[in-house]
Every structure is written in structure tokens, then in C-alpha cells.
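Per-entry structural report
So the chains spell out like this:
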Amino acid sequence: MTITAPAEPQTATDAAGLPAWFTHDRFGMFIHWGLYALPARHEWVKNRERITDADYQKYFDHFDPDLFDAADWARRAREAGMKYVVLTTKHHEGFALWDSALTDYKATNTRFGRDIVREFVDAVRAEGLRVGFYHSLIDWHHPDFTVDGVHPRRDDGEAEIARLNEGRDMARYREYLHGQVSELLTDYGRIDYLFYDFSYRDNDHEDIWGGKGRDDWGSEELMALTKRLQPGIIVNDRLDIPGDLVTPEQYQPDKPMEVDGVRVPWEACQTLNGSWGYDRDNLNVKSVDLLVRMLVDGVSNNGNMLLNVGPTGRGEFDGVARSALAGIGSWMHQHARSVYGAGPSEFRAPAGTVYTQNGNRLYLHLFTWPFEHVHLPDLAGRVAYAQLLNDASEIHYREIPPGTRAQNTGLGGQPAGTLTLTLPIVRPDVAVPVVELFLRDDAVAGR
């Protein structure tokens, strides 16, 4: 089934002026897929191994992902609790996953012969998810893209590099870049998010010669083009000019992110194993409980998480990815309301825990399971009810006066304003246990 109608535009905005869906949904899937899935040695394999276009051609010649099923990708994203999916339309290698009229270096010219972007968009929309595109500003295959300090031919020697760059024209490449973006933003209906990647000007990357940035990409014009073709689209911050959000990569901010002292929307881009593309021998895999902790830690600091999957050369998610997504989905099935629509809380969480909050509901995520009791500062008199979120079983709580003496099996006093929860001895069999605290109306209004 082909779905050509765009998704419904999102007109409501949040406090930062972003379409409200983004900071509500909090969790998306990143998909890095291209020719690099065949060597299966990281998506930067052409760069890392200094591979020439001629030697890289074998991957184009043998690209035939017979197990590719966009509907399966989209279904697994939805079942994992993800609300939007972002696909690499073109990565740094320059290979286009759609039927671009501007190049022959595209999926429709391989043995596979299909428009992957078209199938992806239709499948994602069919699952009720939002559509995002990643598009590389870099293109190591294009004949006008000049060799620089991140190019695969960077170590060929000054004379050879000068020969390679002779006649190359970044103005022509810039026209190509804008033309491909125009195709993507006019031929596939409503696109909700565009992740550009990336800028590396000399003054920001002293170890890279010949770096490129806003002038090379025509970033102001490219941003204007993007917003004109897709009103309401969200654009990231990697054009070397301000974007709609900040995109920390492969690390977790330890507090809400700010620019010039003002809190800004942000999204952590994270991988399952440190590689974005399929990397067969990389076994540095994050556990499900770690991934869940990263997700809720981000929400507690007002951020989203875009979690990456790198499909194999045959076009399917490997066993590691399927297991991770299923595990996260199992947790999200019972705990999604501590993520969707939630954000940071002004209450101070005890050590080994984080709070997220949505209105009068405060969510205590227990990264470590204590013996029977957990003490919550400043919540005495503010809670109307408490329960474990996974099964809605009641959690008892009380305030222990500061002067109470500890004796035998009795707890001693806690600082004034502390609320003490009594937890079951046996930890719930979930990746991260969550206690849902229903705050009294006056507790929320008074903060």
C-alpha cells in the first residue's frame, strides 16, 4: 500500500517555539543505512581506510538488500515506543537512497532498483509515526566536493591532492546539495524533522585542514529553503548557524542544556554499540537497562533521545538491535507515561534516582533498588497517592519527624519535609522501576 498524503501538520508549539510534538514524544529512532553496510566496518569505513571511489565501487555494484522491509522497521520502532523515525537519505559516502534526478549514484541504479526513501516514508506514516530525514552536507563521491582534512584522499600527498582538487567547484556542489534537499522536501509529503550533518570549519576544528562550514553549504539559504518547503519542520544545529535544537552526540548532558544562559531543546543522538552504520564485529553493546536509564535521564534534563539502528547489508535489523528494541518496548509498554509529555522537575531527586514530571504526576526512576525505604526531600505533605507504575500497586509513605530516635527496627528521623516511601523487598522485574507520585494540587501550584 502506498500512502502519498502528508502527515497532519503540527501547529501547536511548546514554550521554546518548537512544534509541540517534539518535546512531548521524547523518543525517536535513527537509522543509518547505506553502502557502508556491506563492508560492515563502521559508516566511516571509506574515510578510515582511505578507500578510493574506484575501490568503493564494489559496494555499489553488490548492493542488493533482499530482506529490506520498511514496514518491519517502522513496526519495530512503534513497538519500542518511538514516535518518530529519522533515515539517512544520504551519508558522507554520497550514495542517495532515493531516485534523485541529480545523480546516478543512487539506490534505484543498483541491483536493488527501488526508492528506499519512498518505502520508508510510506511505512513510517502507516504506523502513525512522524517522518524525519538525515542528510549529509558532506559528499566524498561528488566530483566537485574538494578534498579536505576529513576526505578519504586526505593523505594522498600535496601534489596528488592539488591534482584531485583541480577543477572542483564548491559552488557547483552547493547547487547540487540544495537541489537534492529540494527533491526530498517536495516529493515525499510532510517531513517533520531534518537532521543536517555536519560542519567543521577550521576555527572550530584546528586539527582539520580545509574545513567546511556555513559559506560552503550556503547555510542561510539552505535553512530558508528548508523552512519554505516544509513550514513547521524542525531543523538541527549542524549547519554552522543556529538551529531549532542542540544535538549532543554519544554523551549524556548532566543538566538541562543552555545557550547563552537560556535553556534550549536538545536531543541526544545515541548508538547501540558506538557505531552508526552496521558494524559486524563491534560487540560493545549497551544493555536494555542502560538504554532506558539514558532515555529517562535525558527527559529529566529536558531532552529527547534519538536511538540509532544500523541495518545489515541485506536490509534487516540484526539480532542485537531486535533484542534491544524489544526490551525497551517492554519497558515502555508499562512506563511510557513517565516519558511522553514529561520533562524535568523542580523537586530534588535522591541519589541513584531521577525525576520526570508531567503536571501533577511525579515519576521517581530508581536506577538502584534500595532496601525497603527511599527518602524524598521536600515532598512531605505534597503527595496524595503513590504506586509502582508497572502494575499500579500501592506504595505506602510517611513522614518521620526529625527528632525520632532510631531503635531496633524503627527508622530514625529524617530532615524536615522528607517523605519516606516503603518499597517491596523484591525489585520489580523491569529494566528501571518507577514510582508514580500523584501530587496534591496545592503542591504543584506552589512550586
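Let me begin by describing the structure that accompanies this report. Note that the structure is a prediction, hence the values are computed from the model and not measured.

1. Thoughts on the overall build of the protein
Within the protein, the regular secondary structure consists of twelve helices and 16 strands. A compact globule built from 447 residues would reach a C-alpha radius of gyration of about 22 Å, and the protein, at 25 Å, matches this within 12%. With the C-alpha coordinates of the protein rotated into their principal frame, the extents come out at 85 × 45 × 45 Å. Counting all 447 residues of the protein, 55% fall into the buried class. Partitioning the contacts of the protein with sequence separation of at least 6, the portion at a separation of at least 24 is 69%. Counting only carbon and sulfur atoms, one obtains 47% of the accessible surface of the protein, whose full area is about 18,900 Å². Taking the average place of the 46 positive charges on the side chains of the protein and the average place of its 66 negative ones, the gap between the two points comes to 4 Å.

2. Observations regarding the packing of helix H4 (residues 70-79) against helix H5 (residues 116-126)
As a packed pair, H4 and H5 sit with axes 8 Å apart at the nearest point and diverge in direction by 40°. By the angle between their directions, the pair H4 and H5 is classed as oblique. In this structure, H4 crosses over H5, and the sense of that crossing is right-handed. Across the interface between the two elements, Ala70, Ala71 and Ala74 from H4 touch Glu119, Phe120, Ala123 and Val124 from H5. The residue inventory of the contact of H4 with H5, partitioned by class, reads six nonpolar, no polar and one charged.

3. A few points about the layout of surface pockets
Looking at the largest pocket, its volume works out to about 340 Å³. Lining the largest pocket are 20 residues, and of these Asp197, Phe198, Ser199, Arg238 and Glu249 sit closest to its centre. The residue inventory of the lining of the largest pocket, partitioned by class, reads seven nonpolar, six polar and seven charged.

4. Let's talk about the sheet that holds strand E13 (residues 383-388)
With antiparallel pairing, the four strands of this open sheet are ordered in space as E10-E11-E16-E13. Lying at the two open borders of the sheet, with one neighbouring strand each, are strand E10 (353-358) and E13. Neighbour-to-neighbour, the strand axes of this sheet turn through a mean angle of 20°, independent of strand direction. As paired elements, E10 and strand E11 (residues 361-366) share six bridges and run antiparallel to each other. Looking across to E11, one finds that Tyr355 is bridged to Leu364.

Criteria and cut-off values
- Residues numbered from 1 in each chain as written.
- Predicted model: local features only at pLDDT ≥ 70, side-chain atom pairs only at ≥ 80, totals over all residues.
- Heavy atoms only, no water.
- Helix = DSSP H or I, 4+ residues; strand = E, 2+ residues; numbered from the N terminus.
- Rg over C-alpha atoms; globule rule 2.2 N^0.38 Å.
- Buried < 20%, exposed > 50% of the residue type's maximum accessible area, 1.4 Å probe, protein only.
- Contact = heavy atoms within 4.5 Å.
- Areas by Shrake-Rupley, 256 points an atom, 1.4 Å probe, with all protein chains shown as cover.
- Lys, Arg positive; Asp, Glu negative; His and termini not counted.
- Charge placed at Lys NZ, Arg CZ, Asp CG, Glu CD.
- Axes fitted to C-alpha atoms, helices over the stretch in contact; angles between N-to-C directions.
- Parallel < 35°, antiparallel > 145°, perpendicular 65-115°, else oblique.
- Left-handed = near helix turned anticlockwise from the far one by under 90°.
- Nonpolar A, V, L, I, M, F, W, Y, C, P; charged D, E, K, R; others polar.
- 1 Å grid on protein atoms, 1.4 Å probe; cavity = no way out; pocket = protein on both sides within 12 Å on 5 of 7 lines; lining within 4 Å.
- Points joined across faces, edges and corners; volume = space filled by probe spheres on them.
- Pairing = 2+ DSSP bridges.

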